[in-house]
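# Structural description and commentary
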Amino acid sequence: QVQLVESGGGLVQAGGSLRLSCAASGSIFSINDMAWYRQAPGKRREFVATMASSGSTMYADSVKGRFTISRDNAKNTVYLQMNSLKPEDTAVYYCNAIVITTARSMANYWGQGTQVTVSS
């Protein structure tokens, strides 16, 4: 089995910064894409950013220029640096990873989520 554990959420004022972390552990052979999604109250879960094992990145238009995704492949960890936060960034942030397990199967895993609240 594979587990993803997020950390780093919290309460911050508008214009502030937070850094989220997500560590993957378990029966991991390798990890392809690692990504962040978020879900605000009453809304559908939406894509935020993704980073391939090659290092290529993609961002949602709403966070471009403010958020930066990075990863430490040796630690199976992905980060999300969030700057210039806005109240509309308030959501539960979820980590996602496409994992090749030690059994050589590919599966999509989610973390439990971490709350980010931005006050105006």
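Please refer to the structure placed before this passage.
Calculation criteria
- Residues numbered from 1 in each chain as written.
- Predicted model: local features only at pLDDT ≥ 70, side-chain atom pairs only at ≥ 80, totals over all residues.
- Heavy atoms only, no water.
- Salt bridge = Lys/Arg side-chain N within 4 Å of Asp/Glu carboxyl O.
- Helix = DSSP H or I, 4+ residues; strand = E, 2+ residues; numbered from the N terminus.
- Buried < 20%, exposed > 50% of the residue type's maximum accessible area, 1.4 Å probe, protein only.
- Phe/Tyr/Trp six-rings, centres within 6.5 Å; stacked < 30°, edge-to-face > 60°.
- Pairing = 2+ DSSP bridges.
- Axes fitted to C-alpha atoms, helices over the stretch in contact; angles between N-to-C directions.
- Contact = heavy atoms within 4.5 Å.
- Disulfide = S-S within 2.5 Å.

## Notes on the pattern of salt bridges
- Summed over the entire model, instances satisfying the criterion amount to four salt bridges.
- Across the salt bridge formed by E46 and R38, the nearest N and O atoms sit 2.6 Å from each other.
- As a salt-bridge pair, R38 and D89 come within 2.9 Å of each other at their nearest N and O atoms. Of this pair, R38 sits in strand β4 (residues 28-39) while D89 is found in the loop between β8 (77-82) and β9 (91-101), placing the two residues 51 residues apart along the sequence.
- Of the residues examined, D89 reaches a relative accessible area of 1% and is grouped as buried.

## As for the packing of aromatic side chains
- Counted by the stated rule, this structure contains two aromatic pairs.
- A centroid spacing of 5.0 Å and a plane angle of 65° characterise the contact between Y37 and W110, whose relative ring orientation is edge-to-face. Of this pair, Y37 sits in strand β4 while W110 sits in strand β10 (residues 106-110), and the two are 73 residues apart along the sequence.
- A relative accessible area of 35% means that W110 is categorised as partly exposed.
- A connected cluster of aromatic rings, assembled from ring pairs, spans Y37, F47 and W110.

## Digging into the sheet that holds strand β3 (residues 18-26)
- Read from one edge of the open sheet, four strands run β1-β3-β8-β7, paired in antiparallel fashion. A strand with exactly one partner marks an edge of an open sheet, and here the two such strands are β1 (2-7) and β7 (67-72). This sheet shows a mean twist of 15° between the axes of neighbouring strands, independent of strand direction.
- Here β3 pairs with β8 via six bridges, running antiparallel. In the strand pairing of β8, C22 is matched with V78.

## As for the side chain of T77
- In this structure, T77 sits in strand β8.
- In this structure, T77 is in contact with C22, A23, M34, S70, R71 and D72, ignoring residues within four places of it in sequence.

## As for the state of the cysteines
- Throughout the structure, instances matching the rule amount to one disulfide.
- Put simply, C22 and C95 are joined by a disulfide, and their sulfur atoms are 2.1 Å apart. Given an S-S torsion of about -80°, the disulfide between C22 and C95 has left-handed geometry. Of this pair, C22 sits in strand β3 while C95 sits in strand β9, and the two are 73 residues apart along the sequence. An identical accessibility class is assigned to C22 and C95; each is buried.

Purely geometric numbers; function is a separate question.
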